[in-house]
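# Report on the structure
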Amino acid sequence: MKLRALLLDVDGTLADTESHGHRPAYNQAFRQLGLKFRWSPRLYRKLLAQPGGRERLTYYLRHYHPELGAQADAARSDQAAWVDSVHELKSRYFRAYVRKGKVPLRPGIARLIAEAKAAGVKVALVSNASRESLNAVLNHGMPGLAAQVDLIVSGADVAAKKPSPDPYLHALRALNLSAGQCIALEDSAMGLKAATAAGITTIITRNENTLDDDFSSASLVLDCLGEPSLPVSAIRGKLEGGWLTLADAQAMLSIAYPQAA
């Protein structure tokens, strides 16, 4: 089966947006609103089990019962509207961080996308994030990145976010491709579940927030995609060289679909 598309998650996969962008942006929003609590790295890792930012805020309110001070009446009166307002403020801070270059792409991402485009392989972003957050990463993550992306699937484009397979199924329909013609790149168990439920062979590039996730159904697990100057070893699966190449991805499809090879 010939590789026709790379389907990339964004938060934690394309860039380390969670640690360097989203969590600091939440805390800056809390500070701006006069809220006393902050989300620590340990707490944030727990909240990442929720499929999106609004869902994390709602879960935190309902399960941690934080002191809201002057914000309490507004949150009590219309919790959904209050969550939306906090999330919008946080999103503005996140976009500012990206514009200022505080959320760089992870190692190997730019190289692998360039390889894909040179070989005529499509590149799609498949994410739970909002379109605004994705556009910020595209426009400021690296020069020319937006021009290299053929499709964007955001959380607003589907009825159910990851771990539902809906975002990946939407991408397959939009690209007019089968699961056997694609490779997904993810960083979390949630994303892995979504991609594999859609039948897509998946590579994991884990990060500090997902080190303890269950990646047993992944075809390959790495700490990053690697570079000639930053080689990596496979944690699960087999990597021929010290960095993931498009040829490695094609070889994985050939193993997954031997009858079509």
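In this report, we go over the structure that sits alongside the text. (Residues numbered from 1 in each chain as written. Predicted model: local features only at pLDDT ≥ 70, side-chain atom pairs only at ≥ 80, totals over all residues. Heavy atoms only, no water.)

### Section: the overall build of the chain
A count of helices and strands for the chain gives ten helices and six strands. For 261 residues, the compact-globule estimate of 2.2 N^0.38 gives 18 Å, and the C-alpha radius of gyration of the chain, at 19 Å, lies within 12% of that figure. Its C-alpha atoms put the chain at 60 × 35 × 35 Å along the principal axes. Here the chain holds 261 residues, and the buried ones make up 54% of them. Pairs at least 24 residues apart make up 62% of the contacts formed inside the chain by residues separated by at least 6 positions. Counting only carbon and sulfur atoms, one obtains 51% of the accessible surface of the chain, whose full area is about 11700 Å². Side-chain charges of the chain comprise 31 positive and 25 negative groups, with the mean position of each set lying 3 Å from the other. (Helix = DSSP H or I, 4+ residues; strand = E, 2+ residues; numbered from the N terminus. Rg over C-alpha atoms; globule rule 2.2 N^0.38 Å. Buried < 20%, exposed > 50% of the residue type's maximum accessible area, 1.4 Å probe, protein only. Contact = heavy atoms within 4.5 Å. Areas by Shrake-Rupley, 256 points an atom, 1.4 Å probe, with all protein chains shown as cover. Lys, Arg positive; Asp, Glu negative; His and termini not counted. Charge placed at Lys NZ, Arg CZ, Asp CG, Glu CD.)

### Observations concerning the side chain of Arg-56
Topologically, Arg-56 is positioned in helix H3 (residues 53-64). Buried within the structure, Arg-56 lacks any salt-bridge partner; Glu-18 is the closest side chain of opposite charge, at an N-O distance of 4.4 Å. Setting aside its immediate chain neighbours within four residues, Arg-56 contacts Glu-18, Tyr-26, Trp-39, Tyr-44, Leu-47, Leu-48, Gln-50 and Pro-51. (Salt bridge = Lys/Arg side-chain N within 4 Å of Asp/Glu carboxyl O.)

### Quick notes on the packing of helix H1 (residues 17-32) against H3
For the pair H1 and H3, interaxial distance at closest approach is 13 Å and the crossing angle is 50°. In terms of orientation, H1 lies oblique with respect to H3. In terms of crossing hand, the pair formed by H1 and H3 is right-handed. Contacts from Glu-18, Tyr-26 and Phe-30 in H1 reach Gly-53, Arg-56 and Leu-57 in H3. A class-by-class count of the residues in the contact of H1 with H3 yields three nonpolar, one polar and two charged. (Axes fitted to C-alpha atoms, helices over the stretch in contact; angles between N-to-C directions. Parallel < 35°, antiparallel > 145°, perpendicular 65-115°, else oblique. Left-handed = near helix turned anticlockwise from the far one by under 90°. Nonpolar A, V, L, I, M, F, W, Y, C, P; charged D, E, K, R; others polar.)

### Considerations on empty space enclosed by the protein
Summed over all chains, the structure comprises one cavity of 30 Å³ or more. Within this model, the largest cavity holds a volume of roughly 30 Å³. By residue number, the principal contributor to the lining of the largest cavity is H3, which donates three residues. Here the residues of the lining of the largest cavity are counted per class, giving seven nonpolar, no polar and no charged. (1 Å grid on protein atoms, 1.4 Å probe; cavity = no way out; pocket = protein on both sides within 12 Å on 5 of 7 lines; lining within 4 Å. Points joined across faces, edges and corners; volume = space filled by probe spheres on them.)

### Focus: H3
Along an α-helix, a turn takes 3.6 residues, which lines up residues three or four apart on a common side. The end-to-end C-alpha distance of H3, which contains twelve residues, comes to 16 Å, matching closely the 16 Å that a straight helix rising 1.5 Å per residue would cover. Burial in H3 covers these residues: Gly-53, Arg-56, Leu-57, Thr-58, Tyr-60 and Leu-61. Looking at the residues trailing H3, positive phi occurs at His-65, about 50°. (Expected span 1.5 Å × (residues − 1).)

### Details of unusual backbone geometry
Peptide bonds are, in most cases, trans, and in most cases residues other than glycine have a negative phi. That bond from Lys-162 to Pro-163 is cis: its omega, 15°, falls within 30 degrees of zero. Mapped onto the fold, Pro-163 is located in the loop between strand E3 (151-153) and helix H8 (166-175). For His-65, which is not glycine, the phi dihedral falls at a positive 50°. Tracing the chain through its elements places His-65 in the loop between H3 and helix H4 (72-77). Of note, Asn-176 is a non-glycine position whose phi angle comes to about 60°, a positive value. Turning to its location among the elements, Asn-176 is positioned in the loop between H8 and strand E4 (182-186).

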